[in-house]
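Chain residues, written in single-letter form:
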Amino acid sequence: MFAKVSSLGLFGLNAFPVDVEIDISRGQPYFEIDGLTDTVIKESRDRIRAAMRSCGINFPVASVMVNLAPADMKKSGSVHDLAIFMAILRAMRMIEDVPEDAAFIGELSLNGDVRRVNGVLPMVMLARENGMKSVFVPAANAREASVISGIDVYAVHSAEQLILHFRGEEPMTPSEHYIPPEAAYNETLDFADVRGQQSAKKALEIAAAGGHNALLIGAPGSGKSMLAKRMPSILPPLTFEEALETTKIHSISGLLDPDTPIITKRPFRSPHHTISSAGLAGGGSIPQPGEISLAHNGLLFLDELAEFDRRTLEIMRQPLEDRRVTIARASGTITYPCTIMLIGAMNPCPCGYYGHPKRKCICSQKKVSAYLSKISGPLLDRFDLHIDVAPVEYDDLSAKTSEESSADIRKRVMAAREIQAERFRGTDITCNALITPDKLHEMCPMDDGAEAMMKSVFDSLGLSARAYDRILKVAQTIADLGGSEVITRRHVAAAAQYRSLDRKYWQDGV
Ligand SMILES: Nc1ncnc2c1ncn2[C@@H]1O[C@H](COP(=O)(O)OP(=O)(O)OP(=O)(O)O)[C@@H](O)[C@H]1O
Ligand SMILES: [Mg+2]
């Protein structure tokens, strides 16, 4: 007897439909699963047998042939257990019809419970796109699945529950559609805690307003880590589309909190400097997204930047430019998006006091050079804003006056983002940092004074073409923050001032 049940598979971030076809015929008893499967699927034979036993059903004494189509897509994981189980029951006529527009995903445990799987969100999105009317998912993944509207999501706890549902004995009801709450700003870290440091705060406001990368550099204890950790409190909220994209990456990595099925806050990832290149950029035998992709649509903070392995940092160069990471494997090429803001923090030398106005640096010039050369020129070029964090002044620390709160800074960031939303209407660009080179001059108009300033900056700083583009985009953000429709000389000068760190520290011979 033949039966067919729908399931879904995952390759990287992309889901694909899988048909579970089964044929049970008389003959030598065996149970085979075909269709480019890996050992995990072979193991599902044991789980399915045991789960059937737990429901009081004897596994058929017959030849049971399961085929997972399409054969040319590599299927991995235990996600098809539930669909294979249903197909066997259907072929054995243990249950009445299984609707063609229902899909099943989930792993079975030996006692018949249904276990959570990774990547439910992209799979349910595809099921809806393909016109499926219902999807049966592990109960632990149900909230995540019910973020998607227009498809009935059934939360399955056990194999037994499915049988009772399809026999009409105890019909299940679909889960309620999950509507994420308005993104609430409940950040505990606020810029008001940081005394003084007005120019660093202003630079970070520009970074947040235009989505620019920034490098904080300064002496120990000047507040670099403190400043960077407060960035989430001034970033604009995620749009629903951005939230879905980011959640998909966390879903396939199995990092979603069951109580928060959709990520509504921009991610803030701050990996330790001992991280491997695969951990940072993605990889592994079954390629997993790295920190750079987990931070997609949010912020990646690399504290103590100079302590990271140089090769690990260099791997980020291309992804930072392309806004995606491509991992090649024999089974195919997987691409993960990584549209991020990169914030780095570091000391200028091993002792930390190089260039300090009051304390003497004890490092030799050679040591300073070796330390700074851990950050290559091309990587430095990708930081739009080099922020010199000066030591905190005693007067600032002891002042009784209160500092500006994150909420107030965010208001200006949001106003600048609204101007950008208008500028980029009809395109998929979301902020100034993402303007593509072909649209740069059309979207960032300069007046004559700005053009002249740009030329003189380019010549005197010996800039690269990339640095030119980046200065122009930062100048555009500064103009947006000031409500100016055109980029003027002042905006270019302010933007160029943030590139000056490479002259101060990365001198000739470094
Ligand atoms: N501007 C500031 N206002 C108030 N407190 C500050 C300020 N800067 C530093 N501090 C205090 O100093 C501590 C250390 O600051 P932070 O860790 O941010 O320094 P850092 O620049 O990252 O130093 P390091 O180079 O050693 O990593 C903070 O936890 C805070 O208590
Ligand atoms: Mg620090």
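Just so you know, these numbers come straight off a predicted model, no measurement behind them.

Remarks on the overall build of the protein chain
Piece 1. When its secondary structure is counted, the protein chain shows 21 helices and 18 strands.
Piece 2. Once the C-alpha set of the protein chain is aligned to its principal axes, its extents read approximately 85 × 45 × 45 Å.
Piece 3. Within the protein chain, the proportion of its 510 residues that are buried is 44%.
Piece 4. By sequence separation, contacts in the protein chain at least 24 residues apart represent 74% of the contacts at least 6 residues apart.

Observations concerning helix H8 (residues 240-252)
Piece 1. With 13 residues, H8 should cover 18 Å at 1.5 Å per step; its first-to-last C-alpha distance of 18 Å lies within 8% of that length.
Piece 2. Considered for burial, the residues of H8 that qualify are Ala243, Thr246, Thr247, Lys248, Ile249, His250, Ser251 and Ile252.
Piece 3. Lining the buried residues of H8 we find strand E1 (2-11), helix H3 (120-129), helix H4 (142-145), strand E13 (288-289), helix H10 (291-294) and strand E16 (332-337).
Piece 4. Within two residues after H8, glycine 254 carries a phi angle of roughly 70 degrees, on the positive side.

With respect to the domain arrangement of the protein chain
Piece 1. For the protein chain, the domain assignment lists domain 1 (2-166) and domain 2 (191-425).
Piece 2. Using only C-alpha atoms to locate each centre, domain 1 and domain 2 end up separated by 41 Å.
Piece 3. Listing elements by their share of the side of domain 1 that touches domain 2, those giving two or more residues are E1, H3 and H4.
Piece 4. Class assignment for the residues of the side of domain 1 that touches domain 2 results in 8 nonpolar, 4 polar and 3 charged.

What about the site of ligand 1?
Piece 1. In the neighbourhood of ligand 1, 15 residues make up the surrounding shell, with Pro220, Gly223, Lys224, Ser225 and Met226 lying closest.
Piece 2. For the shell around ligand 1, the element with the highest residue contribution is helix H7 (residues 224-229), accounting for 3 residues.
Piece 3. The residue makeup of the shell around ligand 1, split by class, is 5 nonpolar, 8 polar and 2 charged.

With respect to unusual backbone geometry
Piece 1. With an omega of 5 degrees, the peptide bond between alanine 69 and proline 70 qualifies as cis.
Piece 2. Relative to the helices and strands, proline 70 is located in the loop between strand E4 (63-69) and helix H2 (81-91).
Piece 3. In this structure, asparagine 297 is a non-glycine residue whose phi angle is positive, near 70 degrees.
Piece 4. If you trace the backbone, asparagine 297 turns up in the loop between H10 and strand E14 (299-303).

Structural notes on the packing of helix H6 (residues 198-210) against helix H19 (residues 465-481)
If you want to describe how two helices pack, look at the angle between their axes and the distance between the axes.
Piece 1. At a closest axis distance of 9 Å, the pairing of H6 and H19 adopts a crossing angle of 100 degrees. As the angle between them shows, H6 and H19 are arranged roughly perpendicular. Residues Ile206, Ala209 and Gly210 of H6 lie in contact with H19, whose contacting residues are Lys473, Val474, Thr477, Ile478, Asp480 and Leu481.
Piece 2. Class assignment for the residues of the contact of H6 with H19 results in 5 nonpolar, 2 polar and 2 charged.

Some remarks on the packing of helix H1 (residues 39-54) against H2
Piece 1. Packing of H1 against H2 brings their axes to within 10 Å, and their N-to-C directions diverge by 55 degrees. When the axis of H1 is compared with that of H2, the two are oblique. Our pair here, H1 against H2, has a crossing hand that is right-handed. Between H1 and H2, the contacting residues are Ser44, Arg47, Ile48 and Ala51 on the first element and Asp81, Ile84, Phe85 and Ile88 on the second.

So, H19
Piece 1. Helix length check: H19, at 17 residues, gives a terminal C-alpha distance of 25 Å against a target of 24 Å (1.5 Å per residue), a fit within 8%.
Piece 2. Taken across its 17 residues, H19 has 13 buried, putting it largely inside the fold.
Piece 3. Immediately downstream of H19, the backbone of glycine 483 shows phi near 70 degrees, a positive value.

A short note on the sheet that holds strand E18 (residues 385-389)
Piece 1. The 5 strands lie next to each other as E11-E14-E17-E10-E18, forming an open sheet whose pairing is parallel. With one partner strand each, in any of the chains shown, strand E11 (268-269) and E18 form the two edges of the open sheet.
Piece 2. Bridge count for E14 against strand E17 (residues 341-346) is 5 bridges, and the pairing is parallel. For leucine 300, the partnering residue across the bridge sits in E17 and is leucine 342.
Piece 3. Sitting on the sheet, H6 is in contact with strand E10 (214-218), E17 and E18, with an inclination near 160 degrees to E18.

Criteria and thresholds
- Residues numbered from 1 in each chain as written.
- Chains lettered and ligands numbered in written order.
- Predicted model: local features only at pLDDT ≥ 70, side-chain atom pairs only at ≥ 80, totals over all residues.
- Helix = DSSP H or I, 4+ residues; strand = E, 2+ residues; numbered from the N terminus.
- Buried ≥ 20, exposed ≤ 12 C-beta atoms within 10 Å, placed from the backbone.
- Contact = placed C-beta atoms within 7 Å.
- Expected span 1.5 Å × (residues − 1).
- Domains from an automatic or database assignment.
- Nonpolar A, V, L, I, M, F, W, Y, C, P; charged D, E, K, R; others polar.
- Near = placed C-beta within 6 Å.
- Axes fitted to C-alpha atoms, helices over the stretch in contact; angles between N-to-C directions.
- Parallel < 35°, antiparallel > 145°, perpendicular 65-115°, else oblique.
- Left-handed = near helix turned anticlockwise from the far one by under 90°.
- Pairing = 2+ DSSP bridges.

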